[in-house]
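One letter stands for each residue in the lines below.
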Amino acid sequence: MGEALAFDPAFIQAIEHRPELEPIDTVDEVPTIDLSVSDSRSIEQLVSEIASACEKWGFFQVINHGVPVELHARLDKAAKSFFDQTVEEKRNVKRDAANAMGFHDAENTKNVRDWKEVFDFLIRDRTLIPASHEPDDTKLRVLSNQWPQYPPGFRETCEEYARELELLADKLLGLICLSLGLPGAEGLRGYFKDDQTSVVRLNHYPPCPSPNLVLGVGHHKDAGALTILAQDGVGGLQVKRKSDGEWIPVKPIPNAYIVNIGDIVQVWSNDKYESVEHRAVVNTEKERFSFPFFFFPAHHMMVKPLEELVNDQNPSKYREYNWGKFFCTRNRSDYQKQKVENIQIDHFRLLV
């Protein structure tokens, strides 16, 4: 197993304000949706279930999704082998302020916040993004993948997994479009066709001696269109229930994927669907792995409510924004842990 993360005085001081995490006893669960269609299960029924899940939760799990089980098993094995290395070996492919791809942990950011270590890679290697969200800043920079030499086959497994998750994301995007009353995702596929900025993340959460003091990942909303997450049997993901604000654990289902809509879908839907806060808690005895796929459009794409969903009775609630500038500004703020409010879609909300 990889080297343990260590508590130090600065870290304790930074997180001692966190409230203790109380378990939620509830039978209300994030819905599970079977993506298969048959004589006894119509596409209309499937779309109806998608619509209900997006409106009530912003989250759902999917089964019969088409991603090979053996591929996920290979990725799981590869990720464990990578994270089992020493910190020094993993930092041979560490990210920096210029390139956000590769390995990072608390030490990389100089400001501990979350109890985890991460490996990120692009599904389109060498991806262009702007330098910031400022309107007069047109400079582009290049992100590129950093692949470790060990374990053997790590890159090939990661790239194969990314291709499968891209297909699943495209299918889910189509179903969500149908649930919004749109004819399909054809009009949106151009956002992702060639220059998408989508990222796969491999998360490793080591056992934590003081789980009430930290979170695996603090509460947040996802900025992209969709996130598709594989979590292991340890579990730890919690979703903020829209009805009462309680944190609800998402029960691990073998071979299922957890899907949540992101800020882009919230804007596209003009707030019909909401991007929901979520977090991950840690475990005292067991390490945990999770693999999110972040479905992001091309850097040059402008995001605004879809024209088909806007009318006099339902005017646009957002001014349009450039995805690449939004992404890069969010990424830089996360890396540097600046003491300023992170950029949010609410910054583009119109008063209507």
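Let us look at the structure shown here. Quick caveat, the model's predicted, so the values are computed rather than measured.

What about the packing of aromatic side chains?
- Using the criterion set out here, one finds 22 aromatic pairs in the structure.
- With centroids separated by 5.3 Å and ring planes inclined at 80 degrees, the aromatic side chains of Phe119 and Phe154 adopt a geometry described as edge-to-face. Remark: Phe154 occurs in helix α6 (residues 154–179) and Phe119 occurs in strand β4 (residues 117–122); sequence separation between them is 35 residues. Of the two residues, Phe119 and Phe154, neither departs from the other in class, the shared state being buried.

Concerning the pairing of strand β12 (residues 257–261)
- Within β12, 5 of the 5 residues are buried, which leaves it mostly tucked inside the rest of the structure.
- Neither face of β12 is left uncovered, since the one carrying Tyr257, Val259 and Ile261 and the one carrying Ile258 and Asn260 both have all their residues buried.
- Relative to β12, strand β2 (residues 59–63) is paired through 4 bridges, and the arrangement is antiparallel. Note on β12: the bridge partner recorded for Gln61 is Ile258.
- In this structure, strand β9 (residues 226–231) lies alongside β12, joined through 4 bridges in antiparallel fashion. Bridge pairing in β12 places Thr227 opposite Asn260.

So, helix α3 (residues 69–83)
- The end-to-end C-alpha distance of α3 is 21 Å, a good match for the 21 Å that 15 residues give at a rise of 1.5 Å each.
- The complete set of buried residues in α3 reads Leu71, Leu75, Asp76, Ala78, Ala79, Phe82 and Phe83.
- In this structure, the buried residues of α3 make contact with α4 (87–90), β3 (102–104), β4, α6, β7 (199–205) and β14 (288–295).

Focus on the environment of Asn322
- Here Asn322 lies in strand β16 (residues 321–322).
- A C-alpha to C-alpha distance of 9.5 Å links Asn322 and Pro130, two positions 192 residues apart in sequence.
- Among the polar contacts made by the side chain of Asn322, one reaches the main-chain amide nitrogen of Lys325 at a distance of 2.7 Å.

Observations concerning the sheet that holds strand β8 (residues 217–220)
- Within the open sheet, the 4 strands sit side by side as β8-β13-β10-β11. Their pairing is antiparallel. The open sheet has two free edges, formed respectively by β8 and β11 (247–249), since each of these has just one partner strand. Each strand of the sheet is rotated relative to its neighbour by a mean of 20 degrees, with strand direction disregarded.
- When strand β10 (residues 237–240) meets strand β13 (residues 278–280), the two strands line up antiparallel, connected through 3 bridges. The partner of Leu237 across the bridge, within β13, is Ala280.

A look at the packing of helix α2 (residues 43–56) against α6
- For the pair α2 and α6, the least separation of the axes is 8 Å and the interaxial angle reads 85 degrees. Judged on the interaxial angle alone, α6 and α2 are roughly perpendicular. In this structure, α2 contributes Ile43, Leu46, Val47, Ile50, Ala51 and Cys54 to the contact, and α6 contributes Leu175, Ile176, Leu178 and Ser179.

Overview of the nonpolar core
- Phe119, Leu202 and Trp268 are the most contacted members of the largest nonpolar core, which has 82 residues in total.
- At 12 residues, the largest contribution of residues to this core is made by α6.
- Excluding anything up to four places from it in sequence, Leu202 contacts Leu75, Ala79, Phe83, Glu117, Val118, Phe119, Phe154, Cys158, Ser290 and Phe291.
- Ranked by size, the runner-up nonpolar core spans 10 residues in total, among them Trp57, Leu237, Ile248 and Ile258.

Side note on the pattern of salt bridges
- If you walk through the whole model with that rule in mind, you get 18 salt bridges.
- Among the salt bridges present, the one from Glu70 reaches Arg74, with a minimum N-O distance of 3.1 Å. Within this pair, Glu70 and its partner Arg74 are both found in helix α3, separated by 4 residues, close to a single helical turn.
- For Glu70, a relative accessible area of 45% puts it in the partly exposed group.

Criteria and thresholds
Residues numbered from 1 in each chain as written. Predicted model: local features only at pLDDT ≥ 70, side-chain atom pairs only at ≥ 80, totals over all residues. Heavy atoms only, no water. Phe/Tyr/Trp six-rings, centres within 6.5 Å; stacked < 30°, edge-to-face > 60°. Helix = DSSP H or I, 4+ residues; strand = E, 2+ residues; numbered from the N terminus. Buried < 20%, exposed > 50% of the residue type's maximum accessible area, 1.4 Å probe, protein only. Pairing = 2+ DSSP bridges. Expected span 1.5 Å × (residues − 1). Contact = heavy atoms within 4.5 Å. Polar contact = N/O pair within 3.5 Å; in protein donor to acceptor, adjacent residues only side chain to side chain. Axes fitted to C-alpha atoms, helices over the stretch in contact; angles between N-to-C directions. Parallel < 35°, antiparallel > 145°, perpendicular 65-115°, else oblique. Core = buried A, V, L, I, M, F, W, Y, C linked by side-chain atoms within 4.5 Å. Salt bridge = Lys/Arg side-chain N within 4 Å of Asp/Glu carboxyl O.

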